[in-house]
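Structural features, examined
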Amino acid sequence: MRITQGTFSFLPELSDEQISRQIEYSLEQGWAVSIEYTDDPHPRNTYWEMFGMPMFDIRDAAGIMGELASCRKTFPNHYIKVNAFDATRGRESLRLSFIVNRPPREPGFALVRQEGPGRALRYTTRAYAADRPEGERYSGP
Amino acid sequence: MSAVIEPPPPADPHGTGPLDLEAEYRHSQVAEVLDGLERDLIGLVPVKSRIRDIAALLLIDKLRSTLGLSAGAPALHMSFTGNPGTGKTTVALRMAEILHRLGYVRKGHLVAVTRDDLVGQYIGHTAPKTREVLKRAMGGVLFIDEAYYLYRPENERDYGQEAIEILLQVMENQREDLVVIFAGYKQRMDTFFHSNPGLSSRVAHHIDFPDYSCDELLAIAHLMLEQMHYRLSPDADGALREYIELRRGQPHFANARSIRNALDRARLRQASRLFERRGAPISRDELITIEAADIRASRVFAEERAHER
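Residues numbered from 1 in each chain as written. Chains lettered and ligands numbered in written order. Predicted model: local features only at pLDDT ≥ 70, side-chain atom pairs only at ≥ 80, totals over all residues. Heavy atoms only, no water.

Quick word on the overall build of chain B
For chain B, the count of helices and strands is 15 helices and seven strands. Rg of the C-alpha trace for chain B: 25 Å, well past the compact-globule value of 19 Å for 309 residues, more than 25% over. Considered along the principal axes of its C-alpha atoms, chain B spans approximately 105 × 55 × 35 Å. In chain B, which comprises 309 residues, the proportion classed as buried is 42%. In the form shown here, chain B has an accessible surface area of approximately 16900 Å², with 53% of it arising from carbon and sulfur atoms. Chain B carries 40 positive and 44 negative side-chain charges, and their two centres are separated by 4 Å. (Helix = DSSP H or I, 4+ residues; strand = E, 2+ residues; numbered from the N terminus. Rg over C-alpha atoms; globule rule 2.2 N^0.38 Å. Buried < 20%, exposed > 50% of the residue type's maximum accessible area, 1.4 Å probe, protein only. Areas by Shrake-Rupley, 256 points an atom, 1.4 Å probe, with all protein chains shown as cover. Lys, Arg positive; Asp, Glu negative; His and termini not counted. Charge placed at Lys NZ, Arg CZ, Asp CG, Glu CD.)

Thoughts on the interface of chain A and chain B
Between chain A and chain B, the residue contacts involve nine residues of the former and eight residues of the latter. Buried surface at the junction of chain A and chain B, both sides included, amounts to about 870 Å², of which 51% is carbon and sulfur. It is Arg59, Asp60 and Ala62 of chain A in chain A that bury the most area against chain B; as a group they hold 53% of the surface buried on that side. The interface formed by chain A and chain B contains four residue pairs in polar contact (both at pLDDT 80 or more). (Contact = heavy atoms within 4.5 Å. Buried area = accessible area lost by both parts, 1.4 Å probe. Polar contact = N/O pair within 3.5 Å; in protein donor to acceptor, adjacent residues only side chain to side chain.)

Description of the sheet that holds strand β3 (residues 79–86) of chain A
Residues and elements named next belong to chain A. With respect to topology, four strands assemble into an open sheet ordered β2-β1-β3-β4, the strand pairing being antiparallel. The open sheet terminates on both sides in strands that have one partner only, identified here as β2 (49–50) and β4 (93–101). Relative to β3, strand β1 (residues 32–38) runs antiparallel, the two sharing seven bridges. By the bridge assignment, Ile35 is partnered in β3 with Val82. Contacts from helix α1 (residues 16–28) reach β1, β3 and β4, with the element oriented near 165° to β4. Each of β1, β3 and β4 is contacted by helix α2 (residues 61–74), which is oriented at about 5° to β1, the strand it contacts most. (Pairing = 2+ DSSP bridges. Axes fitted to C-alpha atoms, helices over the stretch in contact; angles between N-to-C directions.)

Things to note about the pairing of β3 of chain A
Summarising burial for β3 of chain A: seven of the eight residues are buried, a large majority. Taking the residues between adjacent antiparallel strands as the criterion, β3 of chain A and β4 of chain A are bridged by six residues, where Gly90 of chain A takes a positive phi near 95°.

Describing the sheet that holds strand β4 (residues 179–184) of chain B
All names here are of chain B. In space, the five strands of this open sheet follow the order β2-β3-β4-β1-β5, with parallel pairing throughout. Looking at which strands have only one partner, the edges of the open sheet turn out to be β2 (110–113) and β5 (205–209). In this sheet, neighbouring strand axes are inclined to one another by 20° on average, regardless of whether the strands run parallel or antiparallel. Both strand β1 (residues 78–82) and β4 contribute to a ladder of four bridges, which runs parallel. Residue Met78 lies in a different strand from β4, and its bridge partner there is Ile181. Packed onto the sheet, helix α4 (residues 88–101) meets β1, β2, β3 (141–144), β4 and β5 and runs at close to 155° relative to β1. The strands that helix α8 (residues 186–195) touches are β1, β4 and β5; relative to β4, the one it contacts most, it runs at about 125°.

Focus on helix α7 (residues 160–173) of chain B
Residues and elements named next belong to chain B. In this model α7 runs 20 Å from its N-terminal to its C-terminal C-alpha over 14 residues, within 8% of the 20 Å that 1.5 Å per residue would give. Listed as buried for α7 are Gly160, Ala163, Ile164, Ile166, Leu167, Leu168, Val170 and Met171. In this fold, the buried residues of α7 make contact with α5 (115–118), α6 (126–137), β3, β4, α8 and α9 (197–202). (Expected span 1.5 Å × (residues − 1).)

Section: the packing of aromatic side chains
Aromatic ring pairs are defined here through the distance separating the ring centres and the angle between the ring planes. Summed over all chains, the structure comprises 14 aromatic pairs over all chains. For the ring pair Trp48 of chain A and Tyr79 of chain A, a centre distance of 6.5 Å and an interplane angle of 55° mean the geometry is tilted. Remark: Tyr79 of chain A occurs in strand β3 and Trp48 of chain A occurs in the loop between β1 and β2; sequence separation between them is 31 residues. You'll find Trp48 of chain A and Tyr79 of chain A in the same group, each marked buried. Relative to Phe193 of chain B, the ring of Phe182 of chain B has its centre 6.2 Å away and its plane inclined at 85°; by these criteria the two rings are edge-to-face. A residue pair is termed long-range when its members are at least 10 positions apart, and Phe182 of chain B in strand β4 and Phe193 of chain B in helix α8 qualify at eleven residues. What links up through ring pairs into an aromatic cluster is the set Tyr37, Phe51 and Phe75 of chain A. One residue, Lys81 of chain A, lies across the ring of Trp48 of chain A, its end atom 4.2 Å from the ring centre. Between Arg296 of chain B and the ring centre of Phe301 of chain B, over which it is positioned, the NZ or CZ distance is 5.4 Å. (Phe/Tyr/Trp six-rings, centres within 6.5 Å; stacked < 30°, edge-to-face > 60°. Lys NZ or Arg CZ within 6 Å of the ring centre and 35° of its normal.)

A word on a nonpolar patch on the surface
Residue and element names in this part refer to chain A. On the surface, Leu111, Leu121 and Tyr123 cluster together into a nonpolar patch covering about 300 Å² of accessible area. Note on placement: Leu121 falls in strand β6 (residues 121–127). Exposure remark for Leu121: the relative accessible area of 36% places this residue in the partly exposed category. (Patch = residues over 30% accessible without salt bridge, like charges linked within 9 Å, V, L, I, M, F, W, Y side chains within 5 Å. Salt bridge = Lys/Arg side-chain N within 4 Å of Asp/Glu carboxyl O.)

Focus on α4 of chain B
Residue and element names in this part refer to chain B. Compared with an ideal rise of 1.5 Å per residue, which puts 14 residues at 20 Å, α4 spans 20 Å between its outermost C-alpha atoms and is within 8% of the ideal. Taken as a whole, α4 has its buried residues at Lys88, Val91, Ala92, Arg94, Met95, Ala96, Ile98 and Leu99. Once α4 finishes, Gly103 follows within two positions and takes phi at roughly 75°, a positive value.

Describing unusual backbone geometry
Excluding glycine, residues mostly have negative phi values, and the peptide bonds linking residues are mostly trans. Residue and element names in this part refer to chain A. Its identity is not glycine, yet Phe8 carries a phi of approximately 60°, on the positive side. Turning to its location among the elements, Phe8 is positioned in the segment before α1. Owing to a relative accessible area of 25%, Phe8 belongs among the partly exposed residues under this scheme. For Asp57, which is not a glycine, the phi torsion comes out positive at approximately 30°. Looking at the secondary structure, you find Asp57 in the loop between β2 and α2.

The following block contains the structure:
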């Protein structure tokens, strides 16, 4: 099951050139771009690990694309997203965030049922990948 | 098989008609930059002619690429060598602008760094530090001042070598993303390049900044004063010429930088001279004029008189 999270997630995967154009746009707006990764696909998992430092005072997308290439090399089977943070007073939040890398196989989610008092049932979802410990979730067969 | 075999597309889709180099030249607005260079930078003939060559090459390359005659981006890493105060940093700033106008670098900003910004203090600190700087410089020009400090042959465990290796890698593989300019004093840069042959061969343009002549220094002084809204009285002009001639013979002469310092001191003396006779009305003319006495009070003349005695 393909995870959709952030901007452009219903579009086909962005090519490197498209990613670079999006970064270029963010830099033009004066947003600070950073790269984050995770292997926990749960939709409520919004705080991913940051790869390196948030990249302030970068003028050109080439610098960030280089960092992205090294992140992909380190975590080829993780989810990786690019964030653009707007530091304008009063805004101070992410303006753009999109997934740029995903595992080759995404097994999806199981529906978990919990029986409550009486005949009540609680439902939740659990990622099949989350059965394994962090770091090994998407590496095996 | 009845399918019509399409003829191969012509190799030259635009034909071989004449191309308008003049229009391209005007469009790139590089003329303005080159004129500005001629106007604001005095002397430096070899530097200017090299910049003209590079500008011409990039324009022709642009024209060639419209015909599909791509030759790949030329390597434009440079080294600027010359004595202190010969305008290396000023030219580097201009260079970033010229390369931007010509479309060689995408953003045209200049990131000026020295050894401290590139080399770390402990094992594993250097690589991230250097990469950080390179990341910032992407799309522009990286100016490494006093580059010879990067390499310390007397200490074989120095981390400078690591920074040089990372630089080399990026200079080679990402030459369309940034231009690296090394700057420093002539002799020390020569030893630096001599001990790093890989670096020397990846730097295409070695530009030497000559020392200024006396007339050029005087012209520079006039230009500086004009920018500061001052002018010299006729006597002061003669005094400044004498000053420059004397100062050139003395140790620690730093070309244009020494001239700037001398003018700053003359401004101080002019200010205190005007302050002395406060109470009397001061005209605009007096406010902007530097007199011969302001220059002649310099230590340089005092030392000269001491010699004569």
